[in-house]
Amino acid sequence: MAEPLTDKLVKDLPKPETGNRITYDEDVRGLGVRVTSAGARSWIFNYRAGRTERRMTIGDTTAWTVKKARERANELRRLVDGGHDPMADRHADRAAPTVNDLADRFVAEHLPKKRASTQDEYLRLLRVHIRPALGKKRVADLQYGDLEAMHRKIAVTAPYAANRALAVTSKMLSLAIRWQMRTDNPAKGVERAQEEKRERFLVDTEIARLSDALESHPERNSANAVRFLLLTGARKGETLSATWDQIDLAAGVWLKPSAATKQRKEHRLPLSAPALQLLSEMKAEAELENQRRAKDKLPPVTALFPGPDGKPLTDIKHFWASICRTADLSVEVDKLDDSGKVVRNAEGQPVRVWQSTVRIHDLRHTHASILVNLGLSLPIIGKL
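Let me sum up the structure you'll find in this document. Each chain has its residues counted from 1, following the order in which its sequence is written. Predicted model: local features are reported for residues with pLDDT of at least 70 only, side-chain atom pairs are reported and counted for 80 or more only, and whole-chain, interface and lining totals are derived from all residues. In computing side-chain values, all of the structure's heavy atoms are included and hydrogens and water are not.

**A word on the overall build of the protein**
Right, on to step 1. Counting from the N terminus, the helices are DSSP H or I runs at least four residues long and the strands are E runs at least two residues long. Regarding its fold elements, the protein presents 14 helices and ten strands.
Right, on to step 2. Relative to its length of 384 residues, the protein is extended, with a C-alpha radius of gyration of 33 Å against a globular reference of 21 Å.
Right, on to step 3. Projected onto the principal axes, the alpha-carbon positions of the protein cover approximately 100 × 50 × 45 Å.
Right, on to step 4. Taking all 384 residues of the protein together, the buried fraction comes to 39%.
Right, on to step 5. Note on contacts: a residue pair is in contact if any heavy atoms of the two residues lie within 4.5 Å. Taking contacts inside the protein between residues at least 6 apart in sequence as the whole, the part at least 24 apart equals 53%.
Right, on to step 6. Charged residues are defined here as Lys and Arg on the positive side and Asp and Glu on the negative side; His and the ends of the chain fall outside this count. A charge is said to be at NZ when it belongs to Lys, at CZ for Arg, at CG for Asp and at CD for Glu. For the protein, the distance from the average site of its 65 positive side-chain charges to the average site of its 51 negative ones is 3 Å. Throughout, the radius of gyration refers to the C-alpha atoms, and the reference size of a globule is 2.2 Å times the residue count to the power 0.38. For the exposure calls, accessible area comes from a 1.4 Å probe over protein chains only, and a residue counts as buried if that area is under 20% of its type's maximum, exposed if over 50%, partly exposed in between.

In structure tokens form, the structure reads like this:
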């Protein structure tokens, strides 16, 4: 049944006893009001796509007046007359991958190729910055402005994190092109935030305090790992994963396998006399430990810096925080959450924590500085 619809007529249409009833508009072909037995009223639009009859919902009558519903129905009619199928387009839009979908695939297929530390950093950036800002947007709809807005917001308090989040998003969008989710990368051209390059070198007095703290610390393997980092300038991941079969004490060389290096290339590192002395002492202790393990019919320990289970230490973050406090290389600061906001207690006061003023990676900088300057005193070298 068709009749000229008015807002009052739509409101007064009776409810059917069961199911639903549609009253069509006389002025716009295909436009109708569906009333259910529960009293729900919504605008619908009927059309034919090829030989298929389709019916799509425009919206609730409380939100759409007759005038607005007719305007929308006329827009849909023009699309149909132009060869489009509005319902199929809507379903395609709903099925289109979002940035969250892209992130899930990125995590599943791309991240496993990265080192564990890189995976952790990427996952944090996705969780804290990228998903909240862009996750619900469709990949195909992302624009330069969306990426620029995300980057600008983060950069207000964390320029380094802003640049890293943008870099991860750009990589995801490059993969989206390969995975045929879109044809371009809107992250290209977004201006990066200015970063102040952070270089920290320990001076002689700081090295002396650190050496004293390492000497007295009961956790010997972690303490030796820190000494080795300073004496070789090696990266933390390479050091903690090192095994005795990589060390040639006679030749004074550490042969790093390609799987352990950042460049994915085999690397021969000449070892200094202090480093060799440290390794010789560690080797003697390791041999005694393996003799004890052999009596108990346990497999030998092969890691240079084993944990309690005999496997290589995976992290020394907590040890480093502890040793920095002991060596007076820490300051008390406000605790921040992942988004950079100050954490407060129940009374609203900032939570205070100890923060190291030296990163583990700064040992690498310090080693390079020592090699350049060669000004370290003999007593300090002896301590190390």
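**Section: helix H6 (residues 144-155)**
Right, on to step 1. Between the first and last residue of a helix there are one fewer steps than residues, each counted as 1.5 Å, and that sum is the expected span. Taking 1.5 Å as the rise per residue, H6 with twelve residues should run 16 Å; its terminal C-alpha atoms sit 16 Å apart, in good agreement.
Right, on to step 2. Taken residue by residue, H6 has Leu-147, Met-150, His-151 and Ile-154 as its buried positions. For H6, the buried positions fall inside an angular range of 95° around the axis, keeping them on one side.
Right, on to step 3. Looking at the buried side of H6, the elements it contacts are helix H5 (116-134) and helix H7 (159-178). The reported arc concerns the directions from the helix axis to the C-beta atoms and nothing else.

**Here we look at the packing of aromatic side chains**
Right, on to step 1. Working definition: a ring pair exists when centres of Phe, Tyr or Trp rings (six-membered ring for Trp) sit within 6.5 Å. Plane angles under 30 degrees give stacked, over 60 give edge-to-face, the rest tilted. Inspection of the entire model under this criterion finds four aromatic pairs.
Right, on to step 2. Between the aromatic rings of Phe-45 and Tyr-47, the centroid separation amounts to 5.8 Å while the plane-to-plane angle is 20°, which identifies the pairing as stacked.
Right, on to step 3. Taking the relative accessible area as the measure of exposure, Tyr-47 reaches 2% and is therefore buried.
Right, on to step 4. Relative to Trp-254, the ring of Phe-228 has its centre 5.3 Å away and its plane inclined at 55°; by these criteria the two rings are tilted. Here Trp-254 lies in strand E7 (residues 253-256) and Phe-228 lies in helix H9 (residues 220-232), a separation of 26 residues in the sequence.
Right, on to step 5. Judged by its relative accessible area of 0%, Trp-254 falls in the buried class.
Right, on to step 6. Through pairs of rings, three or more aromatic residues link up here, namely Phe-228, Trp-254 and Phe-305.
Right, on to step 7. Lying across the ring of Trp-179, Arg-105 places its NZ or CZ 4.1 Å from the centre. The criterion is that NZ of a Lys, or CZ of an Arg, lies within 6 Å of the ring centre and within 35 degrees of the ring normal, and then a charge sits over that ring.

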